[in-house]
Amino acid sequence: MLMGAYRTKDGKFEEFQATRSDSEGAQFQLHEREFHSLTVVNKYSKEVQEFGPNRIVTIPEGSCGVFEREGVIEIKDPGFYRVSAEYAIRDNIPLHVNSERFEDVAFRTKDSLKMRIILVIVWRIADPLLTAKWPGTLEELREEFRSKALSGLIMELRAHTRSELLPFRQDVLLASKEEGSEADAEQLEAMIKKAQEQSRQLRNEAEGKCLSLLGTASEDAGWGLQVVSVKLDSVELADEAIIADMESMAQAQLSMKRKEMQGRERLAAANVEREAALQQEKAKAEIQQAAAESQSKVKLAEAKAQSEITMLKSKNEAMAQAESKKIELDMQLKLEESQAALEESKATRAARAEAEAKKIELETQRLVAEHEVQIRETKLRAQQLAAETEANSIRALADANYEKGRKEQEVAAMMPSQELELKRLELAVEGMKHFAAAAWRHPEDAAKAHLHLFWDEMKPFMRMGPMSAGEMEEVQQIAARRLMSAEAV
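First things first, this report covers the structure right here in the doc. None of the values given here were measured: they were computed from a predicted structure.

1. Quick notes on the overall build of the chain
For the chain, the helix and strand inventory stands at nine helices and 15 strands. Across the 489 residues of the chain, 20% fall into the buried class. Expressed as a percentage of contacts within the chain between residues at least 6 apart in sequence, the contacts between residues at least 24 apart total 59%. Of the roughly 36,600 Å² of accessible surface on the chain, a fraction of 56% belongs to carbon and sulfur atoms.

Right, here's the structure in full:
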């Protein structure tokens, strides 16, 4: 609770607050000469209340507050607010998800048939500031949104026929007859499923277009709304005459199916009777065949027994003769084996001695070959070691030359400018020596053989620092003339 009153002495509003020690049983004694206009309000009331010169309100969770000051709209989050009287506090804007349901909305299809739909649209306020700036109440905005949603979806649905939106079995049958082809039951069911799937796709496309249309309308009109989903719960035929025609056609089709099933039942009964007669005749034939087969099997068994007795007798006689012949052959075989073993022992000893000699010779050749291979590998390793040593020495010499050149370059880089100029003059003197020697080696040009003449000719091309040789000579002449004039004075 909040309590306060105006002071009579200065007219200011004073709020009475309980301390922590007496928060549960706080008492305030006021005198009418000191205070007037006592105000007691509920602090967390959702209604706007006047508390002295201020206004208080509590914005609940799931809503946002709309405050206006000097024509400027401010959006406030849920919580308790105390503002001055210059603020105008509007109704809160709910931020929860809203669901709009349209029951039994009638419309006419492309082929002028009456149909009705049940539609559900889910939306929410995404931008409360735009919603607060919209010129109208929240209920008026909701009615405009419902009208736009319904007209947009009906506009999309009216572009299709009844058979496209709600196909029946009769439509599929008529379509197959118009094409001039009689479909069987399986093909008919497949065609019906295909028509239903196409109808579902058309409804989904209409829902998507309506969703896009409402989003565009919200952006253009500044509603600040976000459409979450558009769903057609039901699409039904509203023309009673056509419904009656469809029912009569369905009854006729059921009657045809019933007659067809009765015919199939009679055909199945005839087939069963025919199959029973065939089975009886087949059983009689099988019994006669079994009796004939049993008689033939008895005769065959008697003949087989007689033949087996004769065969056993002949077999026993043959076995006795074979056994005696076997004994005689075994004795001859043992005699021949003993003679062959004697001859084989003599030949085996000779062959074994020859094989041992050949084995010793081959072993000797193998040892010689292995020693030669080891000698050759030793030579190759020695050559490889010599080559590696030579390569290392060459690499070390190259590294030393490289380090020497690098050190010389580093020393030359640290040379002072005066020493550099001296080096340049030494090179110039060395060059002049070569020029003089060249003049005497070519005496065929007597007019230019003298070094002085050659020097005069080379003056324009010789430089001493920033000046050429000719410019330096002119400077020397000017300095000499000035010196002579100074001595004369």
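Here the narrative resumes, following the displayed structure.
2. Regarding the sheet that holds strand 8 (residues 79-84)
An order of 4-5-8 is seen for the three strands of this open sheet, with the pairing classed as antiparallel. A single partner strand is all that each edge strand has here, and the edge strands are strand 4 (49-51) and strand 8. Ignoring which end each strand starts from, the neighbouring axes of this sheet average 30° apart. Bridging between strand 5 (residues 54-59) and strand 8 involves six bridges; their strand directions are antiparallel. Each bridged residue has a counterpart across the sheet, and for Arg-55 the counterpart in strand 8 is Val-83.

3. Some points on the packing of aromatic side chains
Tallying each qualifying case throughout the model produces seven aromatic pairs. Measuring from centroid to centroid gives 5.0 Å for Tyr-6 and Phe-13, while their planes differ by 70°, and the two rings are edge-to-face. Here Tyr-6 falls in the partly exposed class, since its relative accessible area comes to 23%. Arranged with centres 6.2 Å apart and planes meeting at 65°, the rings of Phe-67 and Tyr-87 form a pair that is edge-to-face. In this pair, Phe-67 sits in strand 6 (residues 63-69) while Tyr-87 sits in the loop between strand 8 and strand 9 (88-89), placing the two residues 20 residues apart along the sequence. Judged by its relative accessible area of 11%, Tyr-87 is buried. Aromatic ring contacts, followed pair by pair, group Tyr-6, Phe-13 and Phe-51 into a single cluster. Over the face of the ring belonging to Phe-80 we find Lys-43, whose NZ or CZ atom lies 5.1 Å from the ring centre.

4. A closer look at the pattern of salt bridges
According to the stated counting rule, one finds 16 salt bridges in the structure shown. Across the salt bridge formed by Glu-74 and Lys-76, the nearest N and O atoms sit 3.2 Å from each other. Between Glu-370 and Arg-366 there is a salt bridge, and its shortest N-O distance comes to 2.5 Å. In this pair, Glu-370 and Arg-366 both sit in helix 6 (residues 240-413), four residues apart, roughly one turn of the helix. One salt-bridge network, in which partners are shared between bridges, spans Glu-100, Arg-142 and Arg-146.

5. Observations regarding helix 2 (residues 138-157)
Working note: α-helix, 3.6 residues per turn, so residues spaced by three or four point in the same direction. For helix 2, built from 20 residues, the straight-helix expectation of 28 Å at 1.5 Å per residue is met to within 8% by its first-to-last C-alpha distance of 29 Å. If you check which residues of helix 2 are buried, you get Leu-141, Phe-145, Ala-149, Gly-152, Leu-153, Ile-154, Glu-156 and Leu-157.

6. Structural notes on a nonpolar patch on the surface
Taken together, the side chains of Met-1, Phe-28, Leu-30, Leu-38 and Val-40 present a nonpolar region at the surface, about 490 Å² in accessible area. Note that Leu-30 resides in the loop between strand 2 (13-16) and strand 3 (35-41). Overall, Leu-30 belongs to the partly exposed group, its relative accessible area being 36%.

Rules and cut-offs
- The numbering scheme is per chain: residues are counted from 1 as the chain's sequence reads.
- Whole-chain, interface and lining totals are the exception, using all residues; otherwise, since this is a predicted model, local features are given only for residues with pLDDT of at least 70 and side-chain atom pairs are given and counted only at 80 or more.
- Working from all heavy atoms in the structure, the side-chain values ignore hydrogens and water.
- Secondary structure follows DSSP: runs of H or I at least 4 residues long count as helices, runs of E at least 2 residues long count as strands, and numbering of each begins at the N terminus.
- In this scheme, a residue with accessible area under 20% of its type's maximum is buried, one over 50% is exposed, and one in between is partly exposed, where area comes from a 1.4 Å probe on protein chains only.
- Should any heavy atoms of two residues lie within 4.5 Å, those residues are counted as being in contact.
- All accessible areas in this document rest on Shrake-Rupley with a 1.4 Å probe, and a residue is counted as covered only by the protein chains that are shown.
- When DSSP finds two or more bridges between two strands, those strands count as paired.
- For helices, the axis comes from a line fit to the C-alpha atoms of the stretch in contact; other axes are also lines fit to C-alpha atoms, and the angle between any two N-to-C directions lies between 0 and 180 degrees.
- The pairing test for Phe, Tyr and Trp rings, Trp by its six-membered ring, is centres within 6.5 Å, and the orientation test on the planes gives stacked under 30 degrees, edge-to-face over 60, and tilted for anything in between.
- Remark: a charge is flagged as sitting over a ring if the NZ atom of Lys or the CZ atom of Arg is within 6 Å of the ring centre and within 35 degrees of the ring normal.
- Only one rule defines a salt bridge in this text: a Lys or Arg side-chain nitrogen within 4 Å of an Asp or Glu carboxyl oxygen.
- Helices are assigned an expected span. That span is 1.5 Å times one less than the residue count.
- Patch membership requires over 30% relative accessible area and the absence of a salt bridge. Like charges are linked within 9 Å, and nonpolar side chains (Val, Leu, Ile, Met, Phe, Trp, Tyr) within 5 Å.

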